[in-house]
Amino acid sequence: MKRHSPSAERNKGPIGDVLGHVLSASGRALEVASGSGQHVVELARRFPSWSWQPTDPDPDAIASIEAYRTESEHLNIRPALRLDVCVEPWPVDAVDLVLAINMIHIAPFEAAVALFGGAARRLPPKEGLLVTYGPYSENGVLEPESNRAFDRSLRDRNPAWGIRDLTELDRLATTSGLERTETFEMPANNRLLVFRCVGAASSVTQAT
Ligand SMILES: C[S@@+](CC[C@H](N)C(=O)[O-])C[C@H]1O[C@@H](n2cnc3c(N)ncnc32)[C@H](O)[C@@H]1O
């Protein structure tokens, strides 16, 4: 039931450290592509004034998240929901933070488009944050060789997958009403990107 991701175990601390510099005192967080559930438990522990909604499209991931959630006894983690960013409506209302760790490169580019658009529609202007974490190329240059090898392995598994360029994501952000305001260098040649809502995106209100 419980999955264990060694990389999630390694990066959950550094991600939590950076979010400590970025997040306001309290709010509602939506994690997409939660995977095993290791991140949401760590973040709920570190940020008890935030409510955390973990999600994933994969039923096995939902089972794993639920196993971690119930074991942790953190009351600020909501029961995991099925959410594929490409399928609207999302089963969530307005949120203050959308977090996507290691998703953008392990999905077709349409998923990144849906992530940015869906996040912008649910985040409040100016205060709302979309945070993504993973490897990225910059101006078409992907460093180091280990990331290039990883990119080749992703594209071998699925030609629609692959490490995205910061320029592509910045363009996507602009068309969605977001702007990249901070970039943090992270361990193992990853980066954490902070996109902030710049305007009044059309909001989504729906029953939960
Ligand atoms: C490499 S795992 C990352 C899991 C976790 N965030 C982590 O870093 O350990 C990629 C995750 O993306 C999810 N995913 C793939 N396509 C998605 C989509 N269209 N919408 C939401 N999640 C998606 C998968 O189900 C999987 O859990």
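Our structure's up above, just so we're on the same page.
These figures come from a predicted structure and were not determined experimentally. (Residues numbered from 1 in each chain as written. Predicted model: local features only at pLDDT ≥ 70, side-chain atom pairs only at ≥ 80, totals over all residues.)

### Some details on the site of the ligand
Then step 1. In the vicinity of the ligand, 21 residues are found, and the nearest of them are A8, A33, G35, V85 and N102.
Then step 2. Considered class by class, the residues forming the shell around the ligand number 13 nonpolar, 5 polar and 3 charged. (Near = placed C-beta within 6 Å. Nonpolar A, V, L, I, M, F, W, Y, C, P; charged D, E, K, R; others polar.)

### Some points on the packing of helix α2 (residues 38-46) against helix α3 (residues 59-72)
Then step 1. The N-to-C vectors of α2 and α3 enclose an angle of 30 degrees; their axes lie 8 Å apart at closest approach. One element, α2, and the other, α3, form an angle in the roughly parallel class. The handedness of the crossing between α2 and α3 comes out as right-handed. The segment α2 lies against α3, with Q38, V40 and V41 engaging I65, Y68, R69 and S72. (Axes fitted to C-alpha atoms, helices over the stretch in contact; angles between N-to-C directions. Helix = DSSP H or I, 4+ residues; strand = E, 2+ residues; numbered from the N terminus. Parallel < 35°, antiparallel > 145°, perpendicular 65-115°, else oblique. Left-handed = near helix turned anticlockwise from the far one by under 90°. Contact = placed C-beta atoms within 7 Å.)

### Here we look at the nonpolar core
In globular proteins that are soluble, nonpolar side chains generally tend to be buried together.
Then step 1. Core analysis: the biggest nonpolar cluster contains 53 residues, and V32, L97, V98, A100, F116, L130 and V131 have the highest contact counts within it.
Then step 2. At 6 residues, helix α4 (residues 109-122) tops the list of elements feeding residues into this core.
Then step 3. Apart from residues no more than four positions distant in its own chain, L130 is found in contact with V98, F116, A119, L123, L178 and F195. (Core = buried A, V, L, I, M, F, W, Y, C linked by C-beta atoms within 7 Å. Buried ≥ 20, exposed ≤ 12 C-beta atoms within 10 Å, placed from the backbone.)

### Notes on unusual backbone geometry
Then step 1. Here the bond from E88 into P89 is cis, since omega is 0 degrees, no more than 30 degrees from zero.
Then step 2. Put simply, E143 and P144 share a cis peptide bond, and its omega is -15 degrees.
Then step 3. Residues other than glycine seldom take positive phi values, yet K126 does so here, at roughly 70 degrees.
Then step 4. Mapped onto the elements of the fold, K126 is located in the loop between α4 and β5 (129-134).
Then step 5. Using a count of 10 C-beta atoms within 10 Å as the deciding quantity, one classes K126 as exposed.
Then step 6. Phi is positive for N189, which is not a glycine, with a value near 60 degrees.
Then step 7. Mapping N189 onto the fold places it in the loop between β6 (178-186) and β7 (190-197).

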